[in-house]
Amino acid sequence: MAVAVVMLFSCREDGITPPAPRISLDNESGIYTTKAGRPITVSPDYENAEDAVFSWVLESGEEISSAPVLEFVSDETGRFYITLTVSTDGGLDKADIRIDVLELTPPTITLPGAENGFVILQGSSLELKPAVASSLETSYRWSVDGKEVSTEPVLVFEGKEQGDYLLRLETANEDGNDSVEFTVSVKSPEEVDFSWTFLQTEYNMSLGRRILLRILDIENAFDAVYTWYVDGKQVQYGERTEYMFSASEEGQYSVRVEMRNSYLTATKELAVNVCPAEGTYYRPGSASALSSCNKVYEFLPAPGQFVNEYYTATTMEEACAYAEERMAQTQYVSLGGFGGYIVVGFDHSVDNDGDYNLAITGNAFDGSSEPGIVWVMQDENGDGLPNDTWYELKGSEYGKAETCQDYAVTYYRPEAPAMAVPWTDNKGGSGEIDYLASFHRQDYYYPEWVEEDSYTLRGTCLKARNYDASGNGTYWVNPAYDWGYADNFSSKDRLTDDDNYNAAPADNHFRISDAVTFDGKPANLSYIDFVKVQVGVNAKSGWLGEVSTEVFDIKDFNLLK
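A closer look at the overall build of the protein chain
Next, step 1: Broken down by element type, the protein chain carries one helix and 45 strands.
Next, step 2: For the protein chain, the C-alpha atoms occupy an extent of roughly 110 × 75 × 40 Å along the three principal directions.
Next, step 3: Looking at the protein chain as a whole, 47% of its 561 residues qualify as buried.
Next, step 4: Restricting to contacts in the protein chain with at least 6 residues of sequence separation, those with at least 24 account for 69%.
Next, step 5: Just so you have it, the protein chain exposes about 27,000 Å², and 46% of that area is on carbon and sulfur atoms.
Next, step 6: Taking the 40 positively charged and 92 negatively charged side chains of the protein chain as two groups, their mean positions are separated by 7 Å.

Describing the packing of aromatic side chains
Given two aromatic rings, one states the distance between the centres and the angle between the planes to describe the pair.
Next, step 1: The tally for this structure, following the rule as stated, stands at 23 aromatic pairs.
Next, step 2: Where Phe194 meets Trp196, the ring centres are 5.2 Å apart and the plane angle is 65 degrees; that geometry is what we call edge-to-face.
Next, step 3: Judged by relative accessible area, which is 14%, Phe194 ranks as buried.
Next, step 4: Members of the aromatic cluster, connected to one another through ring pairs, are Phe299, Tyr311, Tyr322 and Trp449.

A closer look at the pairing of strand E12 (residues 118-121)
Taken residue by residue, a regular strand's side chains alternate between the two faces of the sheet.
Next, step 1: Only one face of E12 is buried: it carries Phe118 and Ile120, and the other face, with Val119 and Leu121, is open.
Next, step 2: Two elements, E12 and strand E19 (residues 176-187), share four bridges in a ladder whose sense is parallel. Directly across from Leu121, in E19, lies its bridge partner Lys187.

Remarks on the sheet that holds strand E29 (residues 295-300)
Next, step 1: Spatial ordering of the open sheet is given by E29-E31-E43-E33-E34-E42, a layout of six strands whose pairing is antiparallel. Both edges of this open sheet fall to E29 and strand E42 (515-516), since each of them pairs with a single strand only.

Concerning the pairing of E19
Next, step 1: Pairing analysis gives 11 bridges linking strand E18 (residues 163-173) to E19, with the strands arranged antiparallel. Opposite Leu169, over in E19, you have Val180 as the bridge partner.
Next, step 2: Hairpin remark: E18 followed by E19, antiparallel, with two residues in the connecting loop.

Comments concerning the sheet that holds strand E41 (residues 506-510)
Within a sheet, neighbouring strands are paired by backbone hydrogen bonds and run either parallel or antiparallel to one another.
Next, step 1: Spatially, the three strands line up as an open sheet ordered E41-E32-E45, and their pairing is antiparallel. Each edge of the open sheet is held by one strand with a lone partner, namely E41 and strand E45 (553-556). Taking the axes of each pair of neighbouring strands and ignoring which way they run, one obtains an average angle of 25 degrees across the sheet.
Next, step 2: Pairing geometry for strand E32 (residues 358-362) and E41, over five bridges, is antiparallel. For Ala359, the partnering residue across the bridge sits in E41 and is His509.

Overview of the pattern of salt bridges
Next, step 1: One pass over the structure, following the stated rule, counts 27 salt bridges.
Next, step 2: Note that Lys540 is salt-bridged to Asp434, the shortest N-O span being 3.0 Å. You can see Lys540 sitting in the loop between strand E43 (527-535) and strand E44 (550-551) and its partner Asp434 sitting in the loop between strand E37 (430-433) and strand E38 (454-461), a full 106 residues away along the chain.
Next, step 3: By relative accessible area, which is 35% here, Lys540 ends up partly exposed.
Next, step 4: Taken together, the shared-partner salt bridges connect Arg141, Glu148, Arg168, Glu170 and Glu181 into one network.

Things to note about the nonpolar core
Next, step 1: One finds Phe299, Ile342, Tyr411, Val531 and Ile554 to be the most contacted residues of the largest nonpolar core, which totals 56 residues.
Next, step 2: It is strand E31 (residues 341-351) that provides the largest number of residues to this core, a total of six residues.
Next, step 3: Beyond its immediate sequence surroundings of up to four residues, Phe299 is in contact with Tyr311, Met316, Ala319, Cys320, Tyr322, Ala323, Val333, Ser334, Leu335, Tyr341, Ile342 and Trp449.
Next, step 4: Formed by 24 residues, the second largest nonpolar core is a distinct cluster that contains Phe198, Met205, Trp228 and Val274.

Points about the side chain of Arg209
Next, step 1: By secondary structure assignment, the location of Arg209 is in the loop between strand E21 (202-206) and strand E22 (211-214).
Next, step 2: A polar side-chain atom of Arg209 sits 2.8 Å from a polar atom in the side chain of Glu380.
Next, step 3: Among all residues touching Arg209, those that are not within four sequence positions of it are Phe245, Ser246, Glu278, Gln378, Glu380, Tyr391 and Leu525.

Brief notes about a nonpolar patch on the surface
Next, step 1: Among the surface-exposed residues, Phe222, Tyr263 and Leu264 lie close enough to one another that they form a single nonpolar patch of about 240 Å² accessible area.
Next, step 2: Locating Tyr263 in the fold gives a position in the loop between strand E27 (251-260) and strand E28 (265-275).

A look at the environment of Tyr281
Next, step 1: Along the chain, Tyr281 turns up in the loop between E28 and E29.
Next, step 2: Between the alpha carbons of Tyr281 and Asp529 there is a distance of 9.9 Å; along the sequence they are 248 residues apart.
Next, step 3: Contacts of Tyr281, omitting those with residues within four sequence positions, involve Pro276, Asp379, Glu380, Asn381, Gly382 and Tyr527.

A word on unusual backbone geometry
Next, step 1: Its identity as a non-glycine residue notwithstanding, Asn500 has a phi of 50 degrees, on the positive side.
Next, step 2: Of note, Asn500 is situated in the loop between strand E40 (476-477) and E41.

Observations concerning helix H1 (residues 316-328)
Next, step 1: The end-to-end C-alpha distance of H1 is 18 Å, a good match for the 18 Å that 13 residues give at a rise of 1.5 Å each.
Next, step 2: Of the residues making up H1, those classed as buried are Ala319, Cys320, Tyr322, Ala323 and Met327. Take H1 and look down its axis: the buried residues cluster within an arc of 155 degrees, on one side only. Every exposed residue of H1 that faces more than 90 degrees away from the buried side is listed here: Glu317 and Ala328.

What about the confidence of the model for the protein chain?
Regions with low pLDDT carry predicted coordinates that are not meant to be interpreted in detail.
Next, step 1: This prediction gives the protein chain a mean pLDDT of 93; 97% of its residues lie at or above 70.
Next, step 2: For residues 1-12, every residue scores under 50 in pLDDT, and the model assigns this stretch 30 contacts once sequence neighbours within four places are set aside.

Topic: a negative patch on the surface
Next, step 1: Negative charge collects at one region of the surface, where Asp366, Asp497, Asp498 and Asp499 lie side by side.
Next, step 2: With respect to the helices and strands, the residue Asp366 is situated in the loop between E32 and strand E33 (372-377).
Next, step 3: Looking at Asp366, the relative accessible area reads 57%, which means it is exposed.

Quick look at the environment of Asn27
Next, step 1: With respect to the helices and strands, the residue Asn27 is situated in the loop between strand E2 (22-24) and strand E3 (31-35).
Next, step 2: Exposure remark for Asn27: the relative accessible area of 23% places this residue in the partly exposed category.
Next, step 3: Asn27 sits 17 residues away from Pro44 along the chain, and the two C-alpha atoms are 8.3 Å apart.

Reading the values: rules and limits
Residues numbered from 1 in each chain as written. Predicted model: local features only at pLDDT ≥ 70, side-chain atom pairs only at ≥ 80, totals over all residues. Heavy atoms only, no water. Helix = DSSP H or I, 4+ residues; strand = E, 2+ residues; numbered from the N terminus. Buried < 20%, exposed > 50% of the residue type's maximum accessible area, 1.4 Å probe, protein only. Contact = heavy atoms within 4.5 Å. Areas by Shrake-Rupley, 256 points an atom, 1.4 Å probe, with all protein chains shown as cover. Lys, Arg positive; Asp, Glu negative; His and termini not counted. Charge placed at Lys NZ, Arg CZ, Asp CG, Glu CD. Phe/Tyr/Trp six-rings, centres within 6.5 Å; stacked < 30°, edge-to-face > 60°. Pairing = 2+ DSSP bridges. Axes fitted to C-alpha atoms, helices over the stretch in contact; angles between N-to-C directions. Salt bridge = Lys/Arg side-chain N within 4 Å of Asp/Glu carboxyl O. Core = buried A, V, L, I, M, F, W, Y, C linked by side-chain atoms within 4.5 Å. Polar contact = N/O pair within 3.5 Å; in protein donor to acceptor, adjacent residues only side chain to side chain. Patch = residues over 30% accessible without salt bridge, like charges linked within 9 Å, V, L, I, M, F, W, Y side chains within 5 Å. Expected span 1.5 Å × (residues − 1). Arc of directions from axis to C-beta. pLDDT = per-residue confidence, 0-100.

Printed below as a string of structure tokens:
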């Protein structure tokens with residue numbers, strides 16, 4: 001924006017002081033963008049600038065031009081702040097501009113799974129939907145065994161005949177090009193590898209409780225049947241991929257599950273530790289007990305615009321230390337996109353008195369709710385670690401048809417800096433966490449302490465409610481959910497009428513008595529030791545980015561009542 005700074009010098013011979021010059025930038029925002037090594041021209045309009053002196057000066061004080069028009073080029077990326085001054089006998093005017101010099105953005109390709117190739121059954125199809133980082137017009141060229149088959153961004157490969165096929169995608173824009181090659185193997189059922197996933201191989205539970213042992217991410221099972229054994233005794237047979245475990249005595253139980261189909265047999269060994277009954281490891285509070293959580297055990301956000309920003313963590317321990325320090329100062333910790341979570345503990349057990357027992361601090365306000373699902377855990381085996389059974393705190397959306405209680409998203413490491421993060425889910429969906437270069441400049445939104453090139457986050461997913469109220473992408477609204485979620489502008493569990501217009505830290509409140517088991521029945525926990533908050537929506541709001549739960553603090557509300 002031009003700012004008029006008028007200084008009178010001397011009158012002309014006719015005694016009339018000429019009017020001061022005025023600058024009108026050719027970009028109202030005053031922000032210009034170019035690429036490294038690529039010149040940009042800034043051409044303001046001027047009024048009353050006859051015989052004017054022009055000066056373009058960098059923030060460092062270096063004058064870089066004395067011409068009316070600025071021709072700017074830099075081989076280095078970054079932000080350059082420049083002040084334009086126009087002087088005449090009638091005074092002067094100034095305007096501040098910013099030139100953002102970005103890296104060249106050749107159309108870099110990210111195609112999850114391409115590094116290992118793809119395997120499909122004969123007669124099925126494979127949709128190939130790469131993420132391509134490019135803000136420029138980009139061309140696509142797909143080929144199969146050297147023959148061009150498509151110029152569209154997405155290719156559907158039809159596995160009509162068995163065999164191995166070499167696929168290649170080439171992209172190009174004015175900044176450069178990229179390519180990726182991979183194989184697609186079309187096979188018969190007996191040739192396809194079977195796979196399955198178990199979240200853990202060892203489970204802890206209190207005597208008198210039940211847990212659900214589940215098989216996840218089953219691939220190519222075909223006509224499988226599953227046999228479950230406990231201490232060598234068959235307890236379940238059939239197509240069910242889960243088993244409800246309970247025991248009448250303490251001790252360690254060996255559980256084996258066997259998958260058998262027409263082509264192969266696979267087995268998995270699990271261990272279940274049945275611990276003493278509830279209350280054995282209860283830790284009573286004292287006069288010096290802290291109301292706030294005192295330790296962060298896990299911090300694993302989904303990729304997001306605040307991940308890796310202003311902090312460096314290369315291990316889970318460093319990430320937890322960062323989160324712990326932030327929360328100790330009542331500063332927010334962002335959990336990124338869907339499934340991102342934080343796990344904390346207290347210096348005592350938090351009692352369930354039937355009323356509100358927990359307070360979780362977020363920054364929701366009217367029109368900006370980013371709901372987090374809350375989970376609680378008892379230290380059932382007494383080792384002081386959150387390695388026991390998680391119980392979800394039921395909120396207003398629990399059990400609704402549009403709420404997915406078993407949702408999983410896999411995030412993939414981008415191929416290059418400043419790229420969106422691709423994701424796929426267990427419902428056949430896919431998308432990206434957008435890279436917002438206008439607001440955040442860290443190289444990657446993918447957590448630096450995740451060593452793998454992909455990772456999966458699981459949890460409960462609520463139906464997204466965000467929408468563009470402007471119709472042109474400028475004003476996004478994230479409506480509140482009724483109750484039961486962190487960082488949510490609830491009229492019920494915020495316990496205040498304050499509209500929190502300034503997005504200050506504000507509490508939602510939770511009852512341990514709302515904890516439910518895997519089948520939705522009351523967990524009847526008399527106390528808890530650990531809390532997990534997890535992002536509960538998979539959505540993004542245009543220029544605002546991904547819907548992301550923020551947590552400032554997690555407190556024992558019993559000590560604050």
